[in-house]
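# Analysis of the macromolecular model
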Amino acid sequence: MDDRKHGPSARLRARRDLPAVPPTGLVHRPNQGIDMTKLKPWLPLIGIGVFAVLLLVVAPAVLSMHWINNLGKYCCWAIVAVGIGLAWGRGGMLVLGQGVFFGLGAYTMAMHLTLETAGPGSLPVFMILYDPSAPLPAFWEPFRSDAFTLVAIVLLPVIVASILGYALFKRRVKGAYFAILTQALAVALAVLISSTIRETGGDTGLSDFKYFFGFVLDDDANKIMVFMIAAALLIVCLLVVWQLGRSRFGELLIATRDAEERVRFLGYDPANIKLVAFVVAAVMASIAGAMFVPIVGIITPAEIGASASILMIAGVALGGRASLFGPALGAMAIGWGQSSLGSSWPSGWIYILGLVFILVTLFLPMGLSSLSGRAKSLVWRSRTAATAPAAASAPVLEEVKK
């Protein structure tokens, strides 16, 4: 560089572009393999694909009919958990009353299957036992239609969740107050169903379903078909939550959870953002309840009350509420524990569940899914500690050479 033309300042600027310390260690050529930074955003989608193969291909091929029915039940609970993960993990809304929407979908499907089993123009068996001459209640009649039932499974939770969410979120009800109110609704619905014996079957519930939209439920092939539908719906729910999480709405939902007032100052209404997540979670719970009925074969108020709602929350807390797969896997683990330990040791299962919930809350607030993040953090810290002395000694070696 000619200093007479450019002056010493240009030379100084050119030297500033040079690194202050030479790079330490071996210098490698750019990696020509897979760019993990480009692949990372698609890893959840790959995981969903693997999960779909395990549920839809591997499970029906290797499991017995008993475990296929159990796995179908776990899938229903996992669908509820995925919705709770969206509302609680990303939205910060502790929804303790998902049993309400689970019950709406379950009893909607159960009423249709009961009428389908009774036949055209006939009364359900439990109604005949109480009063053979009584007519069918008016609100039962539309559920003879397949189309009306399917629409009601989706539309009823949307209406109820929209009204409830609008009333609560617009008044800025949140935290423990929101959790208590939602749980109280679940208890109220369970008590209401228990007290209406002639209309809903009361505590004994609705059971003895023989058909599922024309398919005989006693046939093993049809049982596998119902399981496949439940598993496919779980995959769809995971895809919906994954897409919402990477969208603008997902960013606003997390921002509302972490700094609601700042979101309001930016011109967004946090109530509307939380309302959408709450409604989506309600629809997922209703769909799960609808599929729970033909798989298990019975629905009672015990499946939608406070204890059932808390069991759903426990699975989400165990797996990790803020992750994509954590709520689903946690709900499946809790479901397996209830089926295995709960049947062999019913008096001790509730204590085991409580102990697990306490330990996870104390030592793993973000659930078991946070273990991978902690492991990565430990590995990164160990590598940083190992490379720090070499990087610090490099300037000293340069001074010695000079």
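The notes below deal with the structure included here.

Rules used in this analysis
- Residues numbered from 1 in each chain as written.
- Predicted model: local features only at pLDDT ≥ 70, side-chain atom pairs only at ≥ 80, totals over all residues.
- Heavy atoms only, no water.
- Core = buried A, V, L, I, M, F, W, Y, C linked by side-chain atoms within 4.5 Å.
- Buried < 20%, exposed > 50% of the residue type's maximum accessible area, 1.4 Å probe, protein only.
- Helix = DSSP H or I, 4+ residues; strand = E, 2+ residues; numbered from the N terminus.
- Contact = heavy atoms within 4.5 Å.
- Polar contact = N/O pair within 3.5 Å; in protein donor to acceptor, adjacent residues only side chain to side chain.
- Axes fitted to C-alpha atoms, helices over the stretch in contact; angles between N-to-C directions.
- Parallel < 35°, antiparallel > 145°, perpendicular 65-115°, else oblique.
- Left-handed = near helix turned anticlockwise from the far one by under 90°.
- Nonpolar A, V, L, I, M, F, W, Y, C, P; charged D, E, K, R; others polar.
- 1 Å grid on protein atoms, 1.4 Å probe; cavity = no way out; pocket = protein on both sides within 12 Å on 5 of 7 lines; lining within 4 Å.
- Points joined across faces, edges and corners; volume = space filled by probe spheres on them.

### A short note on the nonpolar core
Soluble, globular proteins show a tendency: their nonpolar side chains are buried together. In terms of nonpolar packing, the biggest core is built from 97 residues, with L55, L206, L234 and I299 touching the most fellow members. Sorting elements by how many residues they give to this core places helix α13 (residues 270–296) first, with 17 residues. Those residues in contact with L55, other than ones at most four positions away along the chain, are P60, L71, C75, F227, A231, L234, I235 and M332. Among the nonpolar cores identified, the runner-up in size contains eight residues, and L311, A314, L353 and L364 belong to it.

### Thoughts on the side chain of K274
Considering the arrangement of structural elements, one finds K274 in helix α13. Of the polar contacts made by the side chain of K274, one reaches the side chain of E260; its length is 3.5 Å. Apart from the residues lying within four places of it in its own chain, the contact partners of K274 are G91, M93, F169, K174, T256 and E260.

### Topic: the packing of helix α5 (residues 98–118) against α13
Contact geometry for α5 and α13: axes closest at 7 Å, N-to-C directions at 40 degrees. Comparing their axes, α13 and α5 come out oblique. For the element pair α5 and α13, the recorded crossing hand is right-handed. Mapping the contact onto sequence places Q98, F101, F102, L104, G105, A106, M109, A110 and L113 in α5 and F278, A281, A282, A285, S286, A288, G289, A290, F292, V293 and P294 in α13. The class makeup of the residues in the contact of α5 with α13 is 16 nonpolar, four polar and no charged.

### Looking at unusual backbone geometry
A positive phi angle is found at R172, which is not glycine, with a value near 60 degrees. Checked against the element boundaries, R172 lands in the loop between α7 (146–169) and α8 (176–195). A residue is classified by how much of its surface remains accessible, and R172, at 49% relative accessible area, is partly exposed. Positive phi outside glycine occurs at F213, with the angle close to 55 degrees. With respect to the secondary-structure elements, F213 resides in the loop between β2 (211–212) and β3 (215–216).

### As for the layout of surface pockets
By volume, the largest pocket amounts to about 600 Å³. Residue lining of the largest pocket: 20 residues in total, with P44, R90, A322, S323 and L324 positioned closest to the centre. Contributing elements (two or more residues each) for the lining of the largest pocket: α3 (43–62), α10 (220–245), α15 (326–344) and α17 (370–401). Each residue belonging to the lining of the largest pocket can be placed in one class, and the counts come to ten nonpolar, six polar and four charged. When its volume is computed, the second largest pocket comes out at roughly 500 Å³. For the second largest pocket, the lining is made up of 22 residues, of which S307, A308, L311, Q338 and W349 are closest to its centre. Per-element tally for the lining of the second largest pocket: the top contributor is helix α14 (residues 306–319), with six residues.

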